[in-house]
Amino acid sequence: MWIKDGAAISEQGFFFAYNWVTWMTVCMQAFGGLLVAVVVKYADNILKGFATSFSIILSCIASVYLFSFHVTMQFAFGAALVIFSIYLYGRPARPSGTSQDGQKGLPTKISDAGPSKTKKGE
């Protein structure tokens, strides 16, 4: 940028050709970065990935109505996988050691196997 437009930047300043669209883009990108920081601070990185995937799906759905975007089978399959993964992530976890029918299963941790803390010689 400095090599190609260095003289114009020196004469008119760095922000000379910025209009309201450019400033809106800069502000939206800055707000998006702050929003990502808040999500990662109060949620976790996996949730951020789900939110990003879900926003891609929403923007593609909006593109169908606004820009006549044609949804392909691959996009529909990918969107279904994202929605299903969000559902699985938000589902409450089962207690450890129980199966789907509620029966007690194999121990999931070594400490669940029972008492084995006997000292030698007792």
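Residues numbered from 1 in each chain as written. Predicted model: local features only at pLDDT ≥ 70, side-chain atom pairs only at ≥ 80, totals over all residues. Heavy atoms only, no water.

A. Summary view of helix α3 (residues 45-67). If you check α3, its first and last C-alpha atoms are 32 Å apart, about what 23 residues at 1.5 Å a residue would give, namely 33 Å. Listed as buried for α3 are Phe50, Ile57, Cys60 and Ser63. The inward-facing, buried residues of α3 abut α4 (73-90). Backbone geometry just downstream of α3 places Ser68 in the positive-phi region, at approximately 60°. (Helix = DSSP H or I, 4+ residues; strand = E, 2+ residues; numbered from the N terminus. Expected span 1.5 Å × (residues − 1). Buried < 20%, exposed > 50% of the residue type's maximum accessible area, 1.4 Å probe, protein only. Contact = heavy atoms within 4.5 Å.)

B. Molecular detail of the environment of Phe50. Along the chain, Phe50 turns up in helix α3. The class of Phe50 is buried, set by a relative accessible area of 17%. A C-alpha to C-alpha distance of 7.4 Å links Phe50 and Val82, two positions 32 residues apart in sequence. Once you skip the residues sitting within four places of it in the chain, Phe50 turns out to touch Ser85, Ile86 and Tyr89.

C. Expanded view of the packing of α3 against α4. One can describe the packing of α3 onto α4 by two numbers: an axis separation of 10 Å at closest approach and a directional angle of 145°. Considering how the two elements wind past one another, α3 and α4 form a crossing that is left-handed. Residue-level contacts link Ile46, Leu47, Phe50, Ser53, Phe54, Ile57 and Cys60 of α3 to Phe75, Ala79, Val82, Ile83, Ser85, Ile86 and Tyr89 of α4. (Axes fitted to C-alpha atoms, helices over the stretch in contact; angles between N-to-C directions. Left-handed = near helix turned anticlockwise from the far one by under 90°.)

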